[in-house]
Amino acid sequence: SADKPLAGRRAIVTSGPTHEPIDPVRYIANRSSGKQGHAIAAALARLGADVTLVSGPVTIPDPQGVRTIHVERADEMRDAVLGTLPADIAVMVAAVADWRVAASAEQKIKKQPGEPPAPLQLTENPDILKTVGHHEKRPRLVIGFAAETENVELNGKAKLERKGADLILANDVSPETGIMGGDRNSVRLIEAAHTESWPDLSKEEVAERLALWIAARLSGERS
Ligand code: C5P
């Protein structure tokens, strides 16, 4: 129907940071709040989509009308996303930690008097967007974010290709923009053959516009 253009469509959204354990009490993380991903999940649901949100640890509430799966680590997030396929739409907004501790300790690591701290050996995390973008059950629309502090457009284009995405929303997350953890966002939409800039908007407005963009794109493809 006109106000539920995504009725009958399944969507997967990731949001928030991941926490990668060092030992049972310590972890590696980043400053993602989950605000943008959660807003996108809610906006897709308002347009009628059946939405599964896979969220890392955040302090904001689960969005209404959305099935939310809570995870901590990148490998848990990947498993939850792949377990939710097939879907028509995937929007990977989570700020997944690029690295995890290679062998996290079972017990709290104790400081040893007079000894230097033990070095942390890191290993690469799975790239969830790239996995979904190249999956045999690849959703019709695969969308990613690119948080960059420089060369936003160039890096966004490269990311689009590498990840097998249809659309990248690139934003400048330099500290002076206040975007990371803030309430506003200023994004550039990067497709293979087209680029456009959206004005500075609230994260809710970015979500609303993106949900409408997705609905328009999918409606053009209905046979
Ligand atoms: O490579 P980079 O982290 O800059 O790419 C950002 C995009 O890739 C975001 O959409 C993010 O959610 C996704 N991503 C992911 N899994 C990772 C790293 C990034 O899904 N391990």
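Residue indices begin from 1 for each chain and proceed along its sequence in written order. Only residues with pLDDT of 70 or above have their local features reported here, since the model is predicted, and side-chain atom pairs are shown and tallied only from 80 upward, although totals for entire chains, interfaces and linings are computed over all residues.

Per an unreviewed UniProt entry, the chain is named Coenzyme A biosynthesis bifunctional protein CoaBC, and its organism is Peteryoungia ipomoeae.

On to the overall build of the chain. Secondary structure assignment for the chain yields five helices and 14 strands. Two things to know: the radius of gyration comes from C-alpha atoms, and the globule rule equals 2.2 Å times the number of residues to the power 0.38. Compactness check: the chain gives a C-alpha radius of gyration of 18 Å against a globular reference of 17 Å for 223 residues, within 12% of the reference. In terms of principal-axis extent, the alpha carbons of the chain reach across some 70 × 35 × 30 Å. Going through the 223 residues of the chain one by one, you find that 38% of them count as buried. A run of H or I in DSSP counts as a helix once it spans at least four residues, and a run of E counts as a strand once it spans at least two, with each numbered from the N terminus. Counting other C-beta atoms within 10 Å of a residue's C-beta gives its exposure: the residue is buried at 20 or more, exposed at 12 or fewer, and partly exposed in between, where C-beta atoms are placed from the backbone.

Turning next to the sheet that holds strand E12 (residues 187–190). Here eight strands make up an open sheet; going across it, the order is E5-E4-E1-E6-E9-E10-E12-E13 and the pairing mixed. Each edge of the sheet is formed by a strand with only one pairing partner; in this case those strands are strand E5 (67–70) and strand E13 (195–197). Strand after strand, the sheet turns through a mean of 15° between neighbouring axes, direction not considered. Strand direction decides the pairing type here: strand E9 (residues 141–148) and strand E10 (residues 167–172), joined by six bridges, are parallel. What sits directly across from isoleucine 143, in E10, is leucine 167. Two strands form a pair only when DSSP identifies at least two bridges running between them. A fitted line through C-alpha atoms serves as each axis, taken over the contacting stretch for helices, and the angle formed by two N-to-C directions is quoted from 0 to 180°.

It is worth spelling out the site of the ligand at this point. Placing a C-beta atom from the backbone of each residue, we mark the residue near a molecule or strand if the atom is within 6 Å of it. Taken together, the neighbourhood of the ligand is formed by 15 residues, with Met92, Val96, Ile128, Leu129 and Gly144 sitting nearest. At the level of elements, helix H3 (128–133) and E9 are the ones that each hand at least two residues to the shell around the ligand. It is E9 that contributes the most residues to the shell around the ligand, three residues altogether. Note that Gly is not counted as nonpolar here; it falls among the polar residues with everything else outside the nonpolar set of Ala, Val, Leu, Ile, Met, Phe, Trp, Tyr, Cys and Pro and the charged set of Asp, Glu, Lys and Arg. Of the residues that constitute the shell around the ligand, the class distribution is ten nonpolar, three polar and two charged.

Let us look at the UniProt feature "binding site: CTP" (unreviewed entry) in the chain. Look at the UniProt record and you will see "binding site: CTP" (unreviewed entry) annotated at Asp98, Lys108, Pro126, Asp127, Ile128, Leu129, Phe145, Lys159 and Lys163. A maximum C-alpha distance of 37.4 Å shows the annotated residues, which cover 66 residues in sequence, to be distributed over more than one spot. Checked against the element boundaries, isoleucine 128 lands in helix H3. With 26 C-beta atoms counted inside 10 Å, the residue isoleucine 128 sits in the buried group. Looking at the secondary structure, you find lysine 159 in helix H4 (residues 152–163). For lysine 159, a count of 19 C-beta atoms within 10 Å translates into the label partly exposed. Two residues qualify as being in contact provided that their C-beta atoms, derived from the backbone, are within 7 Å of each other. With sequence-adjacent residues up to four places away left out, lysine 159 is seen in contact with Gly144, Ala146 and Ile168. UniProt positions are given in the numbering used here, feature names are shortened, and annotations may be inferred rather than shown by experiment.

Let's shift gears to the packing of helix H1 (residues 35–46) against helix H5 (residues 203–219). Following both chains from N to C, one finds H1 and H5 inclined at 45°, their axes separated by 8 Å at the closest point. Relative to H5, the element H1 is oriented oblique. The handedness of the crossing between H1 and H5 is right-handed. Facing H1, whose interface residues are Lys35, Gln36, Ala39, Ile40, Ala42, Ala43 and Leu44, H5 presents Lys203, Glu204, Val206, Ala207, Glu208, Leu210 and Ala211. In terms of residue class, the contact of H1 with H5 is made up of nine nonpolar, one polar and four charged. Small angles under 35 degrees read as roughly parallel and large ones over 145 as roughly antiparallel, with 65 to 115 read as roughly perpendicular and the rest as oblique. Note: crossing handedness is left-handed where the near helix turns anticlockwise from the far helix by less than a right angle, and right-handed where it turns clockwise.

Attention shifts here to the pairing of E10. By the criterion of burial, E10 is predominantly enclosed, with five of the six residues buried. By convention a crossover is right-handed if, when the strands point away from the viewer, the path from the first strand over the helix to the second runs clockwise. Chirality of the crossover, the property in question, places the unit of E9, H4 and E10 among those that are right-handed. As paired elements, E10 and E12 share four bridges and run antiparallel to each other. Along E12, the bridge assignment pairs alanine 170 with arginine 188.

Moving residue by residue along a regular strand, the side chains alternate between the two faces of the sheet. Here E9 lies mainly inside the structure; six of its eight residues are buried. Across four bridges, the pairing between strand E6 (residues 89–92) and E9 is parallel. In the sheet register, methionine 92 faces E9, and the bridge partner there is glycine 144.

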